[in-house]
Amino acid sequence: MPTRGHDLLLVGLLTGLAGCSSVRIPYQDAKTGQGDPWSALERSFEPPEVTTPPKAPKRAKSTRYKNLDRAMEASVGGAVFANFDTVLRFDSDLLGVGLPIDFEKNLGFDDKTTVFRWDLKYRLGNRHRLEFSNFAITRRANKRLDKEITIGDKTYAINLDISAALTTDIYKGSYRYLFAMGDSWDVSASIGLHTFGLGFALSEDGTTNNSSTEHFTLPLPVLGLGANYAILDNLRFTAVAELFGIKIQNFSGYLIDARLNLDWDIWDHVGAGLGWNGFLMDVEVEDKILGGDLLRGSFVYKYQGVLLYLRIFF
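Description of the structure in this document.

Calculation notes
- Residues numbered from 1 in each chain as written.
- Predicted model: local features only at pLDDT ≥ 70, side-chain atom pairs only at ≥ 80, totals over all residues.
- Heavy atoms only, no water.
- Salt bridge = Lys/Arg side-chain N within 4 Å of Asp/Glu carboxyl O.
- Helix = DSSP H or I, 4+ residues; strand = E, 2+ residues; numbered from the N terminus.
- Buried < 20%, exposed > 50% of the residue type's maximum accessible area, 1.4 Å probe, protein only.
- Contact = heavy atoms within 4.5 Å.
- Core = buried A, V, L, I, M, F, W, Y, C linked by side-chain atoms within 4.5 Å.
- 1 Å grid on protein atoms, 1.4 Å probe; cavity = no way out; pocket = protein on both sides within 12 Å on 5 of 7 lines; lining within 4 Å.
- Points joined across faces, edges and corners; volume = space filled by probe spheres on them.
- Nonpolar A, V, L, I, M, F, W, Y, C, P; charged D, E, K, R; others polar.
- Polar contact = N/O pair within 3.5 Å; in protein donor to acceptor, adjacent residues only side chain to side chain.

**Here we look at the pattern of salt bridges**
Stage number 1. On inspection of all chains with the given rule, the structure shows 18 salt bridges.
Stage number 2. The residue R70 makes a salt bridge to D265 at a minimum N-O spacing of 2.4 Å. In this pair, R70 is assigned in the loop between helix 2 (37-44) and strand 1 (72-92) and D265 in strand 11 (residues 251-265), connecting sequence segments 195 residues apart.
Stage number 3. A salt bridge links R236 to E73; the shortest N-O distance between them is 2.9 Å. You can see R236 sitting in strand 10 (residues 235-248) and its partner E73 sitting in strand 1, a full 163 residues away along the chain.
Stage number 4. Salt bridges linked by common partners bring R70, E73, R236, D263, D265 and R311 together as one network.

See the structure below:
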């Protein structure tokens with residue numbers, strides 16, 4: 001039978017267990033060992049984590065049509081010029097005002113001809129271009145005159161058989177700046193130089209005594225406006241107009257040169273083109289001839305025609 005001493009022992013044991021239940025055991029994460037001093041010590045010897053810097057955002061891909069920004073483009077082809085209108089007049093202090101000479105009507109020049117032409121374009125940067133071109137026009141005529149013609153101090157009578165030639169050699173170079181542009185279009189301004197060489201010769205058939213020859217070269221600075229429009233990835237429309245006007249000392253005149261082109265990219269680096277070119281030049285030049293007589297020449301030269309050409313581009 002339990003005694004009082006046994007009761008006291010039991011009470012003491014229960015009290016001790018109750019006291020142990022109030023002791024707090026430090027929390028330790030089973031995965032990271034957080035709160036464990038040994039785990040913290042091990043982590044102090046680990047190398048520091050390397051933080052990878054965020055990548056720079058990728059530059060957005062340009063949506064501009066590639067046929068508007070060729071690095072280089074060259075074209076060669078023929079120009080079928082038609083509707084020539086060429087009028088020349090010589091005045092002098094000695095002979096007075098001369099009669100205008102219409103090359104097509106009075107001298108028998110054909111108003112159609114085909115010539116070789118080349119063009120080169122080079123892209124300097126996003127908005128900068130260089131452009132060059134050259135073509136030469138040679139026209140000849142044989143006719144029996146139906147009116148009297150005076151050139152300088154020489155006169156050619158009615159019913160006289162004559163031979164005549166007119167040569168035109170044009171070199172053009174310009175710098176172009178694109179001042180407005182979009183994904184499928186751009187608008188530009190240009191400044192350049194037209195070197196215009198003109199030669200004219202007329203002679204009486206069967207004789208070397210009665211002949212006239214004139215030749216001059218005019219370096220003409222020009223200003224221009226242009227526009228490109230990409231209809232498709234491989235089809236582009238171009239419009240260009242160049243203007244010039246000046247009056248200095250013994251020379252005055254103006255020039256207008258306009259072109260419309262449709263360029264087709266057939267393969268990766270080869271294409272073709274179809275265009276129209278209209279040209280007008282009206283100049284007056286004064287010069288002294290033998291004897292000190294002041295000769296004034298007035299010259300109007302205009303044409304328009306169709307351009308057909310092959311293109312190479314990169």
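**Section: the environment of R127**
Stage number 1. By secondary structure assignment, the location of R127 is in the loop between strand 3 (113-123) and strand 4 (128-144).
Stage number 2. The class of R127 is partly exposed, set by a relative accessible area of 29%.
Stage number 3. C-alpha separation for the pair R127 and R176, spaced 49 residues apart in sequence, amounts to 8.2 Å.
Stage number 4. Residues contacting R127, with those up to four places away along its chain left out, are R176, Y177, L178, F179, A180 and M181.

**Re the nonpolar core**
Stage number 1. Counting 40 residues, the largest nonpolar core has F81, L107, Y301 and Y303 as its most contacted members.
Stage number 2. For L107, the contacting residues outside a window of four places in its chain are I101, D102, A141, K143, L145, I149, I162, F200 and L202.

**Some thoughts on empty space enclosed by the protein**
Stage number 1. Scanning the model with the defined rule gives one cavity of 30 Å³ or more in all.
Stage number 2. Taken as a whole, the largest cavity encloses approximately 620 Å³ of empty space.
Stage number 3. Taken together, 43 residues line the largest cavity, and the ones lying closest to its centre are D119, K121, E131, T238 and N261.
Stage number 4. Across the lining of the largest cavity, the residue classes break down as 15 nonpolar, twelve polar and 16 charged.

**With respect to the layout of surface pockets**
Stage number 1. There is about 340 Å³ of room inside the largest pocket.
Stage number 2. Along the walls of the largest pocket sit 21 residues, with F90, E214, F216, V285 and G297 positioned nearest its centre.
Stage number 3. Among the elements of the structure, strand 1, strand 8 (185-204), strand 9 (211-232), strand 12 (270-288) and strand 13 (294-313) are those that each provide at least two residues to the lining of the largest pocket.
Stage number 4. A class-by-class count of the residues in the lining of the largest pocket yields twelve nonpolar, five polar and four charged.

**Considerations on the side chain of R117**
Stage number 1. One can find R117 in strand 3.
Stage number 2. A residue is classified by how much of its surface remains accessible, and R117, at 5% relative accessible area, is buried.
Stage number 3. Side-chain polar atoms of R117 contact the side chain of D119, separated by 3.0 Å.
Stage number 4. Among the polar contacts listed, one links the side chain of R117 to the side chain of N277, at a separation of 3.4 Å.
Stage number 5. Beyond its immediate chain neighbours, meaning those up to four positions away, R117 contacts S75, V76, G77, S133, N134, F135, K172, R259 and N277.

**Some points on the environment of A136**
Stage number 1. In this structure, A136 sits in strand 4.
Stage number 2. Residue classification places A136 among the partly exposed positions, given a relative accessible area of 38%.
Stage number 3. When the C-alpha atoms of A136 and T168 are compared, they prove to be 5.4 Å apart, with 32 residues separating the residues in sequence.
Stage number 4. In contact with A136, not counting residues within four places along its chain, are V115, F116, T168 and D169.

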